[in-house]
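Residue-level listing of the chains:
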Amino acid sequence: MTDTRKIVVVTGASKGIGKATAISFARIGYDVVVNYLNDENSANEVINLIEAEGRKAIAIKSDVFKESGVKKLFEGVKASFGRIDVLVNNAGYPKEPSFGDWTEEAIIKSFAGNVGSAALCAQYAVPLMSNGGSILFNSSIYGLQFGGNPHLTLYSAGKAAIINLSQAMAEKLAPNIRCNAVAPGMTKTPAWDDANPEYVTTGLGMTLQKEWVEPEEIAAAFVFLAETPHINAQTIVVDGGWQKKIRANVIRH
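About the thresholds
- Residues numbered from 1 in each chain as written.
- Predicted model: local features only at pLDDT ≥ 70, side-chain atom pairs only at ≥ 80, totals over all residues.
- Heavy atoms only, no water.
- 1 Å grid on protein atoms, 1.4 Å probe; cavity = no way out; pocket = protein on both sides within 12 Å on 5 of 7 lines; lining within 4 Å.
- Points joined across faces, edges and corners; volume = space filled by probe spheres on them.
- Nonpolar A, V, L, I, M, F, W, Y, C, P; charged D, E, K, R; others polar.
- Helix = DSSP H or I, 4+ residues; strand = E, 2+ residues; numbered from the N terminus.
- Buried < 20%, exposed > 50% of the residue type's maximum accessible area, 1.4 Å probe, protein only.
- Contact = heavy atoms within 4.5 Å.
- Pairing = 2+ DSSP bridges.
- Axes fitted to C-alpha atoms, helices over the stretch in contact; angles between N-to-C directions.
- Phe/Tyr/Trp six-rings, centres within 6.5 Å; stacked < 30°, edge-to-face > 60°.

In this section: empty space enclosed by the protein. Scanning the entire structure with this criterion turns up 1 cavity of 30 Å³ or more. Of the pockets and cavities examined, the largest cavity occupies roughly 40 Å³. The class makeup of the residues in the lining of the largest cavity is 3 nonpolar, 4 polar and 1 charged.

Now the structure itself:
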């Protein structure tokens, strides 16, 4: 009997965008691999929510910022499901020291935690996509043209590289495997819980809609890209008009 299940792997899926993405895929019939690093309780909560949708889910604790962790993740995927249809490279590494305090180690960690992790996950996922598949990347508005954030310089550079990685891999893996990216704007995730209120107010003021993007909106973009067969090598921006305002300001000045 042919296995008709669809399987998605979501890295960094215990909270925020990853959590919303895992649940959104479950709601349209996917079984889900929930990758997490530290928060086992939150990962188990996601598993329970997925199972409430009638889908199978497993949680795999592994550090996808290291190749050993990537290997562990996909060995677990292979043992549990044997194959996958969709990979969502959601895990990212936003921490970085201020300019002037950069070190070789800090720079390597930043790129390994963003570009390197996504590249390795894709490399380990492809052999499990025997019938084709979709590889998705979580970039950022800070990775767009004119979008680089001076307070998150290395992060911005890494997220820009993610977009180019996605496009290059789309050509490399065509025609059977598609690669696309989503560039979220200011999205209401736990990462913003301790942010400076003035920074938040300024950031939201730079959008056209003056409000947060919800994690479920980013998840919906990932689902759309996975489920639309002829979208390839593209980046969908979900930012409440942030990019439009930034571009307009650049042109006017």
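Okay, the environment of Leu173 next. One can find Leu173 in helix H5 (residues 153–173). On the basis of relative accessibility, which here comes to 18%, the residue Leu173 falls in the buried class. For the pair Leu173 and Gly132, spaced 41 residues apart in sequence, the C-alpha separation works out to 9.4 Å. With near-sequence residues (within four places) excluded, Leu173 lies in contact with Val126, Ile135 and Cys179.

Moving on: the sheet that holds strand E6 (residues 177–184). The strands that make up a sheet are held in pairs by hydrogen bonds between backbone atoms, and each pair lies either parallel or antiparallel. With parallel pairing, the 7 strands of this open sheet are ordered in space as E3-E2-E1-E4-E5-E6-E7. Two strands close off the open sheet at either side, each with one partner strand: strand E3 (57–61) and strand E7 (235–238). Ignoring strand direction, the axes of neighbouring strands in this sheet form an average angle of 15 degrees. Examined bridge by bridge, strand E4 (residues 86–89) and strand E5 (residues 133–138) share 4 bridges and lie parallel to one another. Counterpart to Val86 in the pairing with E5 is Ser134. Each of strand E2 (30–36) and E3 touches helix H2 (residues 40–52); the most contacted strand, E2, lies at about 175 degrees to it.

What follows covers the packing of aromatic side chains. Scanning the model with the defined rule gives 6 aromatic pairs in all. Geometrically, the ring pair formed by Phe65 and Tyr93 is edge-to-face, given 5.5 Å between the ring centres and 90 degrees between the ring planes. Taken as a pair, Phe65 in the loop between E3 and helix H3 (67–80) and Tyr93 in the loop between E4 and helix H4 (104–125) lie far apart in primary sequence, 28 residues in all. Assessed through its relative accessible area of 25%, Phe65 is described here as partly exposed.

So, on to the layout of surface pockets. Rolled over the atoms, a probe as big as a water molecule pinpoints where empty space is left. Taken as a whole, the largest pocket encloses approximately 1400 Å³ of empty space. Around the largest pocket, the lining is made up of 41 residues, and of these Gly92, Tyr93, Pro94, Thr189 and Ala191 lie nearest the centre. Looking at the lining of the largest pocket, the elements with two or more residues in it are helix H1 (16–27), E2 and H5. In terms of residue count, the dominant contributor to the lining of the largest pocket is H1 (3 residues). For the lining of the largest pocket, a count of residues per class yields 19 nonpolar, 16 polar and 6 charged. The calculated volume of the second largest pocket comes to roughly 220 Å³. What lines the second largest pocket is a set of 15 residues, among which Tyr142, Asn149, Tyr199, Met206 and Trp242 lie closest to the centre.

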